Amino acid sequence: MVVSGGNSSRSRTTTFWGWLFVGIGFFFLPGFLFTAFISKLLPPSNYRLIAAIQNDRYYCYLVPLTLPLLVVAVYFHWLSMKLFKHA
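Below or above, wherever it landed, is the structure these notes cover. Computed from a predicted structure; not experimentally measured.

So, how was this worked out
Residues numbered from 1 in each chain as written. Predicted model: local features only at pLDDT ≥ 70, side-chain atom pairs only at ≥ 80, totals over all residues. Heavy atoms only, no water. Helix = DSSP H or I, 4+ residues; strand = E, 2+ residues; numbered from the N terminus. Rg over C-alpha atoms; globule rule 2.2 N^0.38 Å. Buried < 20%, exposed > 50% of the residue type's maximum accessible area, 1.4 Å probe, protein only. Areas by Shrake-Rupley, 256 points an atom, 1.4 Å probe, with all protein chains shown as cover. Contact = heavy atoms within 4.5 Å. Phe/Tyr/Trp six-rings, centres within 6.5 Å; stacked < 30°, edge-to-face > 60°.

Structural notes on the overall build of the protein chain
Looking only at helices and strands, the protein chain features three helices and zero strands. Starting at the N terminus, the α and β elements of the protein chain follow one another as α-α-α. For a compact globule of 87 residues, the expected C-alpha radius of gyration is about 12 Å, and the protein chain comes in at 21 Å, more than 25% above that figure. Counting only C-alpha atoms and orienting by the principal axes, one finds that the protein chain spans roughly 60 × 35 × 15 Å. Within the protein chain, the proportion of its 87 residues that are buried is 7%. Here the protein chain displays about 8,000 Å² of accessible surface, and carbon together with sulfur accounts for 74% of that area.

Some thoughts on the environment of Tyr 59
On the secondary structure map, Tyr 59 appears in helix α3 (residues 58–85). Among the residues examined, Tyr 59 registers a relative accessible area of 35% and is labelled partly exposed. With 21 residues separating them along the chain, Tyr 59 and Ser 80 place their C-alpha atoms 31 Å apart. With residues near it in sequence (within four places) discarded, Tyr 59 still touches Phe 32, Thr 35 and Ala 36.

A look at the packing of aromatic side chains
In this structure the tally under the stated criterion is six aromatic pairs. Here the aromatic rings of Phe 32 and Phe 37 are separated by 6.4 Å at their centres, their planes lie at 85°, and the arrangement is edge-to-face. Put simply, the rings of Phe 16, Trp 17 and Phe 21 pair up and form one aromatic cluster.

Spelled out as structure tokens, the structure:
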């Protein structure tokens, strides 16, 4: 994608927000992985927060149950782009 020189400040702003969201994602990924999977493998804890995370089953099932919906959403996105391109 070629950006003209007149939109350089807009391009910098867009780049900033893009990297910010990528950074936030990389920041929260280890926390999610600890909450969903790693904490279940650790021995029981005496801390109430860690014990609550270890006993929680919501996030363990959230990702596997979301994957079929993701496949359907990607398919419909692909289909809509094909229909738009050939219309």
